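Letter by letter, the chains look like this.
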Amino acid sequence: MGNTTTHGGLVADNLSLENQATQVVTDAVVAAAGHGTVEDLEVKDAHVIFNTVWNDLEEEIGHENLRFTKELILLGGAPGSGKGTNSEFIAKVRGLTCPPIIVSDLLNTPEAERIKEAGGMVGDTEVVGILFRKLLEEEYRDGCILDGFPRTRVQVECLHLLVQKMNQLYREYHTTPLAINFRKPTVHAVVLFIDEKTSIERQLLRGRQIAEHNERVALEGDGKIIELRPTDLDPIAAKRRYRVFKEKTWDALQSLKQIYHYHFIDADGSIAEVERKIRTELDYQSSLELDPETYDAVRGLPLATEIGVHARQELVRRLDGYELEHRELFHKVIAVIEQRFVPIIQRHAIAGLSIINSEDHLFDDPLALAMVIDVFAERGFRAVANINLAETPDHFDLQTGKITCKTKKIFRFQVRFEGSEIRRGGR
């Protein structure tokens with residue numbers, strides 16, 4: 001899309017994509033996206049940068065420890081579009097508890113400072129190296145928000161190469177005990193867009209607010225000085241910053257929609273309006289996040305209309321773990337739910353509550369009970385399980401009159417969901 005495209009044109013272009021099928025991030029798609037869209041020189045530069053960083057990491061920490069994040073949310077947008085304002089809300093929607101990785105802040109890390117103190121420059125190779133090491137930290141294992149990457153075509157190509165490597169690791173370890181550490185990556189590109197006029201107004205408003213705050217701190221001595229960008233005080237500089245974004249970063253962000261889950265957010269509105277748009281775009285979808293085999297195993301079960309996002313990351317991790325590490329038991333549990341539980345639940349569709357008793361010895365295994373609860377949670381139900389012991393007469397001694405009882409174990413499941421309302425036409 002050209003740089004002269006109007007804001008309305010951008011929205012229309014994005015809306016035309018909504019009916020297209022969601023794409024899975026595969027090596028073939030990544031390779032196809034790079035062909036013909038990135039200049040040869042930039043591709044070569046990116047490959048040199050990536051191979052240098054990857055080989056250093058592999059030598060430093062070992063092949064089996066290249067354990068990257070399962071879900072990567074790429075957050076980009078025009079100056080003043082609200083990336084910092086909305087990153088906390090995006091994390092809440094996706095169930096992430098780790099802080100966002102802000103690429104500009106990586107230039108102030110001890111590692112970057114050592115490079116500068118030694119007389120070196122923090123170029124693309126150094127930035128990519130610091131970023132990849134950050135993505136390997138355990139707190140980002142289930143997912144993270146990456147604010148400000150990629151911004152150039154070279155960085156886009158480095159991202160493609162990283163996803164290819166993550167897919168290779170997934171295939172390499174998928175049938176091994178280490179599979180849970182190398183899950184198939186999910187990549188979302190979230191782009192917050194505002195037009196030039198709004199961007200300039202927000203940059204200058206932010207500058208005035210920060211300047212006033214810093215003046216109060218200087219006078220009263222209470223509070224912390226906030227860094228003030230010079231561009232936030234100068235209309236010409238603010239306009240130039242937006243133009244740089246449109247000329248250099250916008251095309252790089254647009255290219256991401258060829259492969260990854262792409263979310264275009266019109267950020268021109270109130271915070272509440274933008275949050276509503278973000279939630280609509282990023283609500284949890286099992287078909288996008290579960291391992292394909294896991295999704296195929298559970299997709300035949302009925303799906304509730306609302307699925308809560310609390311503890312979503314842990315739920316996905318557990319379900320994928322069942323499929324990878326306890327496949328036989330997992331499928332037995334799913335079969336019992338489908339064949340025995342679902343018919344009972346359907347008969348209680350109006351009440352929204354089913355109580356199911358079972359004496360199946362399958363549930364003697366505590367892990368099977370946990371699987372039932374998690375599978376129902378993935379489908380949007382709320383389930384709890386209890387074990388009840390009932391004594392029934394088994395033998396009566398005619399001579400002594402003693403009654404021997406047999407203890408029977410009953411597994412009781414309560415399954416709650418949103419019931420169906422009956423409309424009454426008269427009394």
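### Quick notes on the sheet that holds strand 2 (residues 101-102)
Right, on to step 1. Ordered in space as 2-3-1-4-5, the five strands form an open sheet in which the pairing is parallel. Of all the strands in the sheet, the pair left with one neighbour each is strand 2 and strand 5 (261-266).
Right, on to step 2. As paired elements, strand 2 and strand 3 (residues 144-147) share two bridges and run parallel to each other. From the neighbouring strand, I101 faces strand 3, where its bridge partner is L146.
Right, on to step 3. Those strands touched by helix 10 (residues 235-255) are strand 1 (71-77), strand 4 (186-193) and strand 5, and its axis lies near 150° from that of strand 4.

### A look at helix 11 (residues 271-282)
Right, on to step 1. If you check helix 11, its first and last C-alpha atoms are 16 Å apart, about what twelve residues at 1.5 Å a residue would give, namely 16 Å.
Right, on to step 2. Within helix 11, burial applies to V274, I278 and L282. One face of helix 11 carries all of its buried residues, which in axial projection span an arc of 55°. Along helix 11, exposed side chains directed more than 90 degrees from the buried face belong to R276 and T280.

### Remarks on unusual backbone geometry
Right, on to step 1. The step from F149 to P150 runs through a cis peptide bond, and the omega angle for that step is 0°.
Right, on to step 2. Take P150: it is sitting in the loop between strand 3 and helix 8 (153-173).

### Quick word on the nonpolar core
Right, on to step 1. Ranked by size, the top nonpolar core spans 68 residues in total, and within it F68, F132, L135 and L256 carry the most contacts.
Right, on to step 2. Element by element, the count of residues in this core is highest for helix 8, at ten residues.
Right, on to step 3. If sequence neighbours within four positions are ignored, F132 has contacts with F50, V53, L57, F68, C158 and L162.
Right, on to step 4. L319, I334, F363 and V372 belong to the second-largest nonpolar core, a separate cluster that totals 31 residues.

### Notes on the packing of helix 9 (residues 196-220) against helix 10
Right, on to step 1. Taken N-terminus to C-terminus, the directions of helix 9 and helix 10 make an angle of 130°; their axes are 9 Å apart at the nearest point. Taken together, helix 9 and helix 10 sit at an angle that is classed as oblique. As helix 9 runs across helix 10, the sense of the crossing is right-handed. Residue-level contacts link E196, S199, I200, Q203, L204 and R206 of helix 9 to P235, A238, K239, R241, Y242 and R243 of helix 10.
Right, on to step 2. Along the lines of polarity and charge, the residues of the contact of helix 9 with helix 10 split into five nonpolar, two polar and five charged.

### Let's talk about the packing of helix 4 (residues 83-94) against helix 11
Right, on to step 1. Direction vectors running N to C along helix 4 and helix 11 enclose 35°, while the axes themselves pass 10 Å from each other. Between helix 4 and helix 11 lies a crossing of right-handed hand. When helix 4 is examined against helix 11, the residues T85, N86, F89, I90, V93 and R94 are found in contact with a partner set consisting of I271, V274, E275, I278, R279 and L282.
Right, on to step 2. Residues of the contact of helix 4 with helix 11, tallied by class, amount to seven nonpolar, two polar and three charged.

### Here we look at the pairing of strand 4
Right, on to step 1. In terms of burial, strand 4 is largely enclosed, as eight of its eight residues are buried.
Right, on to step 2. Of the two faces of strand 4, the one carrying T186, H188, V190 and L192 and the one carrying V187, A189, V191 and F193 are both buried.
Right, on to step 3. Bridge count for strand 1 against strand 4 is seven bridges, and the pairing is parallel. Looking across to strand 4, one finds that I73 is bridged to H188.
Right, on to step 4. Of the strand pairs in this sheet, strand 4 and strand 5 are connected by six bridges, and their pairing is parallel. Bridge pairing links V190 to H263 in strand 5.

### Structural notes on the pattern of salt bridges
Where charged atoms from two side chains of opposite charge approach closely, those side chains can pair.
Right, on to step 1. Evaluation of the coordinates by the stated rule reveals 16 salt bridges.
Right, on to step 2. Ionic pairing is found between E137 and K134, a salt bridge with its closest N-O pair at 3.7 Å.
Right, on to step 3. Judged by its relative accessible area of 26%, K134 is partly exposed.
Right, on to step 4. R327 serves as the salt-bridge partner of E323, at 2.2 Å between the closest nitrogen and oxygen.
Right, on to step 5. For E323, a relative accessible area of 4% gives the class buried.
Right, on to step 6. For R327, a relative accessible area of 43% translates into the label partly exposed.
Right, on to step 7. When salt bridges that share partners are traced, they join D142, R183 and R317 into one network.

### Section: the confidence of the model for the protein chain
Right, on to step 1. When pLDDT is averaged across the protein chain, the result is 82; 82% of the residues are at 70 or more.
Right, on to step 2. For the stretch residues 1-24, pLDDT sits under 50, and the model shows 30 contacts to residues farther than four places along the chain or on other chains.
Right, on to step 3. Across residues 303-310, confidence stays below pLDDT 50; counting only partners more than four residues off in sequence or on other chains, it has 16 contacts.

### Some thoughts on the state of the cysteines
Right, on to step 1. All chains considered together, the criterion is met by zero disulfides.
Right, on to step 2. C144 forms no disulfide, and the closest cysteine sulfur to it belongs to C98, at a distance of 6.0 Å.
Right, on to step 3. Classification of C144 by relative accessible area gives buried; the value is 0%.

### A look at the pairing of strand 1
Right, on to step 1. Here strand 1 lies mainly inside the structure; seven of its seven residues are buried.
Right, on to step 2. Side-chain alternation along strand 1 places E71, I73, L75 and G77 on one buried face and L72, L74 and G76 on a second face that is also buried.
Right, on to step 3. With four bridges joining them, strand 1 and strand 3 adopt parallel strand pairing. Each bridged residue has a counterpart across the sheet, and for L72 the counterpart in strand 3 is C144.

The rules behind each value
- Residues numbered from 1 in each chain as written.
- Predicted model: local features only at pLDDT ≥ 70, side-chain atom pairs only at ≥ 80, totals over all residues.
- Heavy atoms only, no water.
- Pairing = 2+ DSSP bridges.
- Helix = DSSP H or I, 4+ residues; strand = E, 2+ residues; numbered from the N terminus.
- Contact = heavy atoms within 4.5 Å.
- Axes fitted to C-alpha atoms, helices over the stretch in contact; angles between N-to-C directions.
- Expected span 1.5 Å × (residues − 1).
- Buried < 20%, exposed > 50% of the residue type's maximum accessible area, 1.4 Å probe, protein only.
- Arc of directions from axis to C-beta.
- Core = buried A, V, L, I, M, F, W, Y, C linked by side-chain atoms within 4.5 Å.
- Parallel < 35°, antiparallel > 145°, perpendicular 65-115°, else oblique.
- Left-handed = near helix turned anticlockwise from the far one by under 90°.
- Nonpolar A, V, L, I, M, F, W, Y, C, P; charged D, E, K, R; others polar.
- Salt bridge = Lys/Arg side-chain N within 4 Å of Asp/Glu carboxyl O.
- pLDDT = per-residue confidence, 0-100.
- Disulfide = S-S within 2.5 Å.

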